[in-house]
Amino acid sequence: MYSRAYKAGVTIPPLLWVTLFLLIPYAILFCYSFWSVSSLQVIVHTWTFQNYVQLMRNPIYLQVLFRSMRIAGAVTLCALLLGYPLAYYLSFHAAKRKDLLYQLVIIPLWASYLVRGYAWKTILGSDGVLNGLLQYLHITHRPVEFLLYSPFAVIITLTHIYTPFALLPIYASLEHIPRNLVEASHDLGASPWSTFRRVILPLSLPGLLAGATFAFVLTLGDFLAPLLVGGPSGIMISNIVVSLFGAAYNWPLGAAISFCMMLLVVTLLFATERLEKRLTVS
Amino acid sequence: MIAPRDAGTPAVASSAANESLLSIRQVIKRYGKRPVLRGISLEVASGEFLTILGESGSGKTTLLRLIAGFEELDSGEIWMGGERLDRISAHHRQVNTVFQSYAIFPHLSVFENVAYGLRAKNATRSEIPERVAQALTMVKMSEFAQAAPSRLSGGQQQRVALARALVNRPRVLLLDEPLSALDANLRRQMQAELKSLQREVGITFIFVTHDQEEAMALSDRVALLRAGLLEQVAPPRAIYGEPATAYAAQFIGQTNLLRAEIRDGIATAGAISWRAAAGAGKAIYSLRPECIRLAPGGAAAAAPDGSVARFRGRVCNQSFGGATDLVEVDCGNSSTIRVRLPNPGVLTGEHHFEFNADDATPVREGDGT
């Protein structure tokens, strides 16, 4: 049995932390979303639903939100398509190279986000590495413009940045599959492909789901990649929030959008957690 | 009686009882530089219950994994019915395994676990439910068909694992210490069921265990493995009555090893001498504790021809064992002889013991050292 003092000692600091840095800011944000801005750029502390109404009425917000979700979906798909095979190889076939390859997956996470963002800018730009290569190989005769400042560029950059986040939970779930289940499947006459489809994939679904959630949620809230490589057509919902809190000085509307996004993400997390629990077999 | 075979196919056991089904030839396996199997040759007959017995690290599980196809051998060959088995990948072998930890698929129901092999081999849709039901009946698990494996006890999972393997009608069933995780009572019960199941289905069983009693109780033949080499392959009674090596004598049942000096047809170990069949020089004899009895005439002289040997010793320990007691007798020179006596009452002090010279079996030192 732990003493009361011990229990209080381990419980209070995290509770305090969550309250101070999470709950209170969210509460403030929530309040802001019901206030408004006067013509003199002063925040008026009277309660109104005006921000939420504006959000629904002005098509630009929903358009950008849907675009953000499309981009997030594409990034998630790419991250899974890249991450799953690599995680599978790491877990089942890498043998001695496992540790080295695992480190190679992790190391990019230590490089600054900005560095990686700028790297893609120099790769995808009209006088960038990729266009240079395409022209050198005579595949194109003038720079391909759509590579940079487009949703395509955002998807590539974010896929690069968030694939490790998708890979790690998949890898963890693959590592948890008892190897004798794989042997049992072969023993019972199932081919390697059939074993993958009927044993490995179903048992790694919780990890797959967790990885997908990571990639989707992180992408949905991203604003740096669109800023660096997105251009006007690659703007995402977070960029709108940033500009509302910054240049536009419309904190209440920014707060309303933020709150809606938070609700969306929380719902998503809740749903995937439920699904994950159902998929996980003890 | 449930007949898991097609009615048209005669049971293998009756048609070809002594025909060799599986042939293991000079198999060598190393893990890195460490040799695990150092040249194993073994013939397994059709319908036989063969036990591979050995201590942990003797290579018995490795041998099983080679037959199943989970490991590749370094040299040697494995044949099954005229087919080179070691060149076929695991999922094409007509061999099924019951794993030590059962390896039941946790995401599939009991029914789907048993149906797994049938689906993998594209059994027709209509025959799957029937064959699964048959297999589950065979292991008395019919009522659990729709249960999730996580809700089953160890013994029940064991049965499912058996059904899952047998439903495929393999030519050889491999069992890797399948009973080691069960408690003693359940274990005895499963032993009996396994044995009768094997007779019923007539499939060749290769059973791996480190438990010599289990090996004796179940097997038609026991292959005793020691440090990657076969020490002796024989039926349980033969291996017990005529152990080939000192190791075999000690590992299977209890015994007294007498290191004797033979001269003029008389073997002498310490204060004990008896008539030896032949030879001269040093020899090792195995003398089972139950072959020794209290000498009826006390100190009276033994038979003059040496066919009955007598010795004297002080009882230093006696453990009650129900029908028989195991008595440890100190014969001087720090040599202790173990004697198994039926209902001797409490023994103390010095006694005279005797045994028939024929019961002392000469054994070799053994190869697996």
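Residues numbered from 1 in each chain as written. Chains lettered and ligands numbered in written order. Predicted model: local features only at pLDDT ≥ 70, side-chain atom pairs only at ≥ 80, totals over all residues. Heavy atoms only, no water.

### Let's talk about helix 5 (residues 113-124) of chain A
Residue and element names in this part refer to chain A. Helix length check: helix 5, at 12 residues, gives a terminal C-alpha distance of 17 Å against a target of 16 Å (1.5 Å per residue), a fit within 8%. Those residues of helix 5 that sit buried are Y113, R116, G117, W120 and L124. Looking down the long axis of helix 5, one finds its buried residues gathered within 100 degrees of arc, a one-sided arrangement. At the N-terminal end of helix 5, a side-chain oxygen is found 3.1 Å from the backbone nitrogen of L114, two or three residues along, and the residue is S112. (Helix = DSSP H or I, 4+ residues; strand = E, 2+ residues; numbered from the N terminus. Expected span 1.5 Å × (residues − 1). Buried < 20%, exposed > 50% of the residue type's maximum accessible area, 1.4 Å probe, protein only. Arc of directions from axis to C-beta. Polar contact = N/O pair within 3.5 Å; in protein donor to acceptor, adjacent residues only side chain to side chain.)

### Observations concerning the interface of chain B and chain A
Facing 23 residues of chain B, the contacting portion of chain A comprises 20 residues. Interface area, chain B with chain A, both sides summed: about 1900 Å², of which 59% is carbon and sulfur. A per-residue breakdown of the area chain B buries against chain A is headed by H91(B), H107(B) and Y116(B), which together make up 34% of the total. Run the count over chain B and chain A and you get 1 salt bridge. R65(B) is paired through a salt bridge with E183(A); the nearest N and O atoms lie 2.6 Å apart. When residues of the side of chain B that touches chain A are traced back to their parent elements, those giving at least two are helix 2 (60-68), strand 6 (95-98) and helix 3 (110-120) of chain B. A per-element tally of the side of chain B that touches chain A places helix 3 of chain B first, with 4 residues. (Contact = heavy atoms within 4.5 Å. Buried area = accessible area lost by both parts, 1.4 Å probe. Salt bridge = Lys/Arg side-chain N within 4 Å of Asp/Glu carboxyl O.)

### Points about unusual backbone geometry
All names here are of chain B. Residues other than glycine seldom take positive phi values, yet N122 does so here, at roughly 55 degrees. With respect to the helices, strands and loops of the structure, N122 is situated in the loop between helix 3 and helix 4 (127-138). On the basis of relative accessible area, N122 is assigned to the exposed category, the value being 66%. The residue D264 is not glycine, and still its phi comes out positive at about 55 degrees. Following the sequence through the fold, D264 ends up in the loop between strand 11 (256-263) and strand 12 (266-269).

### What about the confidence of the model for chain A?
Confidence along chain A averages 91 in pLDDT terms, with 99% of residues attaining 70 or more. Mean pLDDT across the elements of chain A ranges from a minimum in strand 2 (residues 43-44) of chain A, with 86, to a maximum in helix 8 (residues 179-187) of chain A, with 96. (pLDDT = per-residue confidence, 0-100.)

### Points about the nonpolar core
Within the largest apolar cluster, 61 residues are counted, with the highest numbers of intra-cluster contacts made by L22(B), I24(B), I78(B) and I206(B). Excluding residues within four positions of it along the chain, I206(B) makes contact with L22(B), V44(B), L50(B), I52(B), L64(B), I67(B), V172(B), L173(B), L174(B) and L175(B). (Core = buried A, V, L, I, M, F, W, Y, C linked by side-chain atoms within 4.5 Å.)

### Remarks on the sheet that holds strand 19 (residues 350-356) of chain B
All names here are of chain B. Reading across the sheet, the 5 strands line up as 15-19-16-17-18 and stay open at both edges, with antiparallel pairing between neighbours. Unpaired on one side and paired on the other, strand 15 (293-294) and strand 18 (336-342) mark the two borders of the sheet. For strand 16 (residues 308-321) and strand 17 (residues 324-330), the ladder comprises 7 bridges, and the chain directions are antiparallel. Along strand 17, the bridge assignment pairs F320 with D325. (Pairing = 2+ DSSP bridges.)

### Some remarks on the side chain of S91(A)
All names here are of chain A. When you line up the elements, S91 lands in helix 3 (residues 59-93). Here the side chain of S91 touches R179 through a polar contact of 2.8 Å, side chain to side chain. Those residues in contact with S91 that lie beyond four places of it in its chain are K98, Y171, L174, E175 and R179.

### With respect to the state of the cysteines
What the rule picks out here adds up to 0 disulfides over all chains. With no disulfide of its own, C260(A) lies closest to C31(A) among cysteine sulfurs, the gap being 15 Å. Looking at C260(A), the relative accessible area reads 29%, which means it is partly exposed. C331(B) provides the cysteine sulfur closest to C316(B), a residue in no disulfide bond, and the two sulfurs are 8.8 Å apart. What makes C316(B) partly exposed here is its relative accessible area of 47%. (Disulfide = S-S within 2.5 Å.)

### Here's the deal with the packing of aromatic side chains
Residue and element names in this part refer to chain A. Applying the stated criterion to the full structure yields 27 aromatic pairs over all chains. Centroid distance F34 to Y52: 5.3 Å. Interplanar angle 40 degrees. Geometry classified as tilted. With F34 in the loop between helix 1 (4-32) and strand 1 (36-37) and Y52 in helix 2 (residues 50-57), this pair connects stretches of sequence that are 18 residues apart. A residue is classified by how much of its surface remains accessible, and F34, at 15% relative accessible area, is buried. (Phe/Tyr/Trp six-rings, centres within 6.5 Å; stacked < 30°, edge-to-face > 60°.)

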